[in-house]
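# Per-entry structural report
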Amino acid sequence: MTTTMMRLRQHLGLASSPAIYTSAIARLGNNTAHHRRRTSTTSTTQKQLLFLLLVILLLLALSFVLIPSSVLLPPARPRIMSSSASDSASPAAPFEKPRAVVKKVLAESQPEGQGATVRRSIGRHELRSLDPFLLLDEFSVSKPAGFPDHPHRGFETVTYMLEGAFTHQDFAGHKGTIKTGDVQWMTAGRGIVHSEMPAGDGVQKGLQLWINLSSKDKVIEPRYQELESKDISRAEVDGVEARVIAGEALGAASPVYTRTPTMYVDFTMRPGSRLHQPVPEGWNAFVYVVEGDGVFGREKAAPTTAHHCLVLGPGDGLSVWNRSDRSLRFVLVAGKPLGEPVVQHGPFVMNSRAEIQQAMEDYYYGKNGFERASQWSSSA
Ligand code: FJE
Ligand code: FE
């Protein structure tokens, strides 16, 4: 009886409740003690018992009204991997450890290359790097600006066209044009020298992500993986479209081989839709908002607008809500951290200063992968 009363007091928060409840409960205690002492049944004790029963019933009824059902009933819902607005019965967060936004960075425009403009998020001083990611630029370039002949060593560049076309040429004769929706996944490895220039008229837009390579992969043979827009795996579930550049989402998977394990998904969410996307635990993850505004991580969070990069905290998945009246487009990128020292000098990213020195020497003298560098220049 005493434990029941204590529980009722706790549930109802009676520690600081009106005196009327406190005195009623005190009376309950007194009455039971009193009842045990006297064995004879009088009409007074019968009245007291009736009163006691009434008070218990009242408190029980009150507890069902005041305490939310989620406290009284254990959650029995299965984990939902992806759902949408139509799935109105699903709980707020289907993840054991939902990822929250821990940092928000606005990518402001800055000059880069030759007359080009980029909105840099990862790589700017507020967000030096996010292992294994070194840089994220949203570029916006019109002719004759661009990124003429320059080298890379020790990492990968992933160029994803949002609008327009870019032509690339490298010192080994590799050449091509990527258009809206196409991806070029370039593993620079021991060395690439190339030019990246706008191909069409007007503004050419895209995202370029730099992914670090582990020490064992830094000087591998360079490699390209190119995907045309039509060949990018896509899925659409309840108002959410995913274009999977690396990894998998909504049942679609990318054929891209990621030497540094990476997931990269371009999501477009219709107004009113929501998404619950698993993200491997232990990986560093971020969101970059391309268009519209969305609520990320927590249902009650303030909406985030375009050109913001959101760093996600630890956890097993990300929830997103589009409560606006227009489409929300963002990329979700996650990667397994390398946990190695990073020494960067412009387009060379190695593990030590000695290796950087070596890279600059190799580029200058045309050695160890940069053999073709001295005789080559792009036609751009
Ligand atoms: C580079 C300066 C540069 N962001 N986004 C120095 F401009 C570049 C470079 C780019 C780049 C290219 C494209 Cl297509 C898109 C970019 C920087 O090429 F690599 C160094 N080191
Ligand atoms: Fe480049």
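Described in the following lines is the structure provided in the data block. What you see is a predicted model, and the numbers here were worked out from it, not measured in a lab.

## A few points about the site of ligand 1
As a matter of local geometry, ligand 1 sits amid Glu112, Gly113, Asp137, Phe139, Phe147, His150, His152, Phe166, Glu196, Gln208, Trp210 and Pro347. Aspartate 137 has a polar side-chain atom sitting 2.7 Å from a nitrogen atom of ligand 1. With respect to ligand 1, the side chain of histidine 150 contributes an N or O atom lying 3.0 Å from an oxygen atom. Burial of ligand 1 by the protein chains amounts to 89% of its free accessible area of 450 Å². Put simply, the parts of the chain that give the shell around ligand 1 at least two residues each are β4 (133-141), β5 (147-152) and β11 (204-212). With three residues, β5 is the single largest residue contributor to the shell around ligand 1. Per-class residue counts for the shell around ligand 1 are five nonpolar, four polar and three charged.

## Focus: the pattern of salt bridges
One pass over the structure, following the stated rule, counts 17 salt bridges. The residue aspartate 137 makes a salt bridge to arginine 120 at a minimum N-O spacing of 2.7 Å. Of the two residues, aspartate 137 is situated in strand β4 and arginine 120 in strand β3 (residues 116-120); the sequence distance between them amounts to 17 residues. Assigned by exposure class, aspartate 137 and arginine 120 land together as buried. The partner of glutamate 361 in a salt bridge is lysine 367, and the shortest N-O contact between them spans 3.8 Å. Salt bridges linked by common partners bring Arg234, Glu236, Glu241 and Arg270 together as one network.

What counts, and at which threshold
- Throughout this description, residue numbers start from 1 for each chain and increase along the sequence as written.
- Whichever chain is written first becomes A and whichever ligand is written first becomes 1, with later ones labelled in order.
- Residues qualify for local features only when their pLDDT is at least 70, as the model is predicted, and side-chain atom pairs are given and counted only at 80 or more; totals for whole chains, interfaces and linings, by contrast, use all residues.
- Only hydrogens and water are removed before side-chain values are computed, so all heavy atoms of the structure are retained for them.
- When we say a residue is near a molecule or strand, we mean one of its heavy atoms is within 4 Å of it.
- Contacts described as polar in this section are N or O atom pairs within 3.5 Å, which, within protein, must combine one atom able to donate a hydrogen with one able to accept it, while residues neighboring in sequence count only if both atoms come from side chains.
- For accessible areas, the Shrake-Rupley method is used with a probe of radius 1.4 Å. Any residue's cover is judged against the shown protein chains and nothing else.
- Secondary structure elements are taken from DSSP: a helix is a run of H or I of four residues or more, a strand is a run of E of two residues or more, and numbering for both begins at the N terminus.
- Polar here means any residue outside two lists: the nonpolar Ala, Val, Leu, Ile, Met, Phe, Trp, Tyr, Cys and Pro, and the charged Asp, Glu, Lys and Arg; Gly therefore counts as polar.
- Salt-bridge detection follows one rule: a side-chain nitrogen of Lys or Arg within 4 Å of a carboxyl oxygen of Asp or Glu.
- Summary of the burial criterion: residues with accessible area below 20% of their type's maximum are buried, those above 50% are exposed, and those between are partly exposed, where the area comes from a 1.4 Å probe applied to protein chains only.

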